[in-house]
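Structure assessment
Here are the chains, one letter per residue:
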Amino acid sequence: MTGKNRQNYNKNYIAYVNSFDPPTEHFKNCFRAFLVGGFICCIGQFLREILEHAFALSGDELAGTVSVILIFLGTLLTGLGVYDRIGKSAGAGSIVPITGFANSVASPAIEFKTEGLVYGMAAKMFIVAGPIIVFGVCAGTLVGLIYLFL
């Protein structure tokens with residue numbers, strides 16, 4: 001096949017493949033991600049206000065309590081199958097907040113529970129979240145060392 005024929009073949013193939021691929025609605029997807037991610041963050045802020053005024057929590061206690069509640073809610077909604085439906089319609093808006101991290105840990109654990117507790121749930125739980133934890137710890141250590149020496 002000559003160079004000119006190969007280019008025409010590639011263009012025809014790309015046109016053929018694109019005919020099956022629906023166009024992406026970028027603005028609509030970004031808007032939904034913004035709304036859902038913002039709504040999750042608003043829930044977190046609401047919890048923060050309630051805990052601050054009703055239970056007089058402040059500082060690290062307040063931040064930790066809100067984080068634990070949001071992680072619990074993300075894991076609960078994942079277990080009930082609700083978070084997956086939210087993720088399908090919201091896209092990145094559901095994975096950016098802390099509830100998305102809880103979903104990324106709980107989903108593989110639920111999916112592989114039939115393989116047993118050790119080789120299924122425990123081993124597969126950190127397949128998605130494991131690299132995030134490792135790189136987060138390494139980046140935090142590096143930043144801490146830089147801060148220490150400056």
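The present account deals with the structure reproduced in this document. (Residues numbered from 1 in each chain as written. Predicted model: local features only at pLDDT ≥ 70, side-chain atom pairs only at ≥ 80, totals over all residues. Heavy atoms only, no water.)

When you go through the chain residue by residue, the secondary structure sums to 7 helices and 0 strands. Each helix and strand of the chain, ordered N terminal to C terminal, gives the series α-α-α-α-α-α-α. A separation threshold of at least 6 residues defines the contact pool for the chain, and within that pool the share at least 24 residues apart is 49%. As displayed, the chain offers around 11200 Å² of accessible surface, 70% of which is attributable to carbon and sulfur atoms. (Helix = DSSP H or I, 4+ residues; strand = E, 2+ residues; numbered from the N terminus. Contact = heavy atoms within 4.5 Å. Areas by Shrake-Rupley, 256 points an atom, 1.4 Å probe, with all protein chains shown as cover.)

Further remarks concern the packing of helix α2 (residues 26-54) against helix α4 (residues 82-90). Packed helix pairs are specified by the crossing angle of their axes together with the interaxial distance, meaning the distance between the axes. One can describe the packing of α2 onto α4 by two numbers: an axis separation of 8 Å at closest approach and a directional angle of 140 degrees. With respect to each other, α2 and α4 are oriented oblique. Touching Arg32, Ala33, Val36 and Ile40 of α2 are Tyr83, Ile86, Ser89 and Ala90, all from α4. Within the contact of α2 with α4, the residues separate by chemical class into 6 nonpolar, 1 polar and 1 charged. (Axes fitted to C-alpha atoms, helices over the stretch in contact; angles between N-to-C directions. Parallel < 35°, antiparallel > 145°, perpendicular 65-115°, else oblique. Nonpolar A, V, L, I, M, F, W, Y, C, P; charged D, E, K, R; others polar.)

On to the nonpolar core. Counting 6 residues, the largest nonpolar core consists of Leu47, Leu51, Leu57, Leu62, Val66 and Leu70. The set of elements that each furnish at least two residues to this core consists of α2 and α3 (59-79). When sequence neighbours within four positions are dropped, the list of residues in contact with Leu51 reads Ala56, Leu57, Leu62, Thr65, Val66 and Ile69. (Core = buried A, V, L, I, M, F, W, Y, C linked by side-chain atoms within 4.5 Å. Buried < 20%, exposed > 50% of the residue type's maximum accessible area, 1.4 Å probe, protein only.)

Next up on the list: the packing of aromatic side chains. As enumerated under the stated definition, the model contains 2 aromatic pairs in all. Ring centres 5.0 Å apart and planes at 85 degrees place the aromatic pair Tyr16 and Phe20 in the edge-to-face group. Here Tyr16 pairs with Phe20, and both are found in helix α1 (residues 3-20), just 4 residues apart, close to one helical turn. Judged by its relative accessible area of 61%, Phe20 is exposed. Pairing Phe27 with Phe31 gives two aromatic rings, centres 6.4 Å apart and planes at 15 degrees, and the pair type is stacked. Linking Phe27 with Phe31, this pair stays in helix α2, spanning 4 residues, or about one helical turn. Residue classification places Phe27 among the exposed residues on the basis of a relative accessible area of 71%. Classification of Phe31 as partly exposed rests on a relative accessible area of 45%. (Phe/Tyr/Trp six-rings, centres within 6.5 Å; stacked < 30°, edge-to-face > 60°.)

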